[in-house]
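For reference, the chains in residue letters:
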Amino acid sequence: MKRLYIYFLLLFVCLLQINAQMKKLKDVDAFNKRVIQEAVSVKSIESDFTQIKHLDLFNENITSKGKFYYKHSDKISLDYSSPTKYLIVINGDKLKIVSDGKKNIVGLKSNKIMAEMRGMLTACMSGNISQISGYKMEYFEDTNSYLIKIKPTNKSVQAYISGFDIYMDKKDMSVSKLRISENASDYTDYLFQNKKFNTLTDDKKFLVN
């Protein structure tokens, strides 16, 4: 009798997990239209973010925290506050990195992962997801979120990125989580919390000089 109870309990847990899984999105056109509609009113975003870098070789996660800033249409800043101060600014085709008080400014093309990340986030926030080229895209949803799974078809991109997972909050269509997978086992998650919209009135957060 006890075994039977355990069996049904395990079956119930499995069914809950199955029901919680993302389901294939049926109406992609309606999704894309809503992304465009919501993006029209968003000129800037600021939020807290948590970065979790998973390295399978060392079987560990490295967690960092900071502030994320976005301004229409191609300005992004990641201002890390812990465990150390670190700053990444993307403005157009320029990339600025400040580490240990030392500033380095280069063309964005010199950091391919950051360049692709900029492209994905900008596409989501400007409503141009359907215009992303060079990638295979699949769409899923659950009760609270949409998930876009994006895999590169270009072999040169596949050499350093195996895919993106972009989670968008159904309430406002903003990005709540971004996963960048470098290969089958190593990835970096960016979790965005406490988002504020249209609060940035100037470009001070995005200076690259």
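For the structure, see preceding data.
What counts and how
- Every chain begins its residue count from 1, and numbering advances along the sequence as written.
- Predicted model: local features are reported for residues with pLDDT of at least 70 only, side-chain atom pairs are reported and counted for 80 or more only, and whole-chain, interface and lining totals are derived from all residues.
- Values reported for side chains reflect all heavy atoms of the structure, with hydrogen atoms and water molecules removed beforehand.
- Helix numbering and strand numbering both begin at the N terminus, where a helix is a DSSP run of H or I of at least 4 residues and a strand a DSSP run of E of at least 2.
- Exposure classes here rest on a 1.4 Å probe applied to the protein chains alone. A residue is buried below 20% of its type maximum, exposed above 50%, and partly exposed in between.
- It only takes one pair of heavy atoms within 4.5 Å for two residues to be counted as in contact.
- All accessible-area figures derive from a Shrake-Rupley calculation using a 1.4 Å probe, and residue coverage is judged against the displayed protein chains alone.
- Any pair of Phe, Tyr and Trp rings, taking the six-membered ring for Trp, is counted once the centres come within 6.5 Å. Such a pair is stacked with planes under 30 degrees apart, edge-to-face with planes over 60 apart, and tilted for the rest.
- We call a charge positioned over a ring when the NZ of a Lys or the CZ of an Arg lies within 6 Å of the ring centre and within 35 degrees of the ring normal.

## What about the overall build of the protein chain?
Then, number 1: Each helix and strand counted, the protein chain has four helices and 12 strands in total.
Then, number 2: Along the longest, intermediate and shortest principal axes, the C-alpha atoms of the protein chain span 70 × 40 × 35 Å.
Then, number 3: Relative to its 209 residues, the protein chain shows a buried fraction of 40%.
Then, number 4: Within the protein chain, counting contacts between residues at least 6 apart in sequence, those at least 24 apart form 47% of the total.
Then, number 5: Approximately 12,500 Å² of the protein chain is accessible, and the part contributed by carbon and sulfur atoms is 53%.

## Quick notes on the packing of aromatic side chains
Then, number 1: Per the counting criterion, the structure on display carries six aromatic pairs.
Then, number 2: Geometrically, the ring pair formed by Tyr80 and Tyr86 is edge-to-face, given 5.6 Å between the ring centres and 70° between the ring planes.
Then, number 3: With a relative accessible area of 27%, Tyr86 lands in the partly exposed category.
Then, number 4: Members of the aromatic cluster, connected to one another through ring pairs, are Phe31, Tyr139 and Tyr146.
Then, number 5: The lysine or arginine in question, Arg179, covers the ring of Tyr187, its NZ or CZ lying 3.8 Å from the ring centre.

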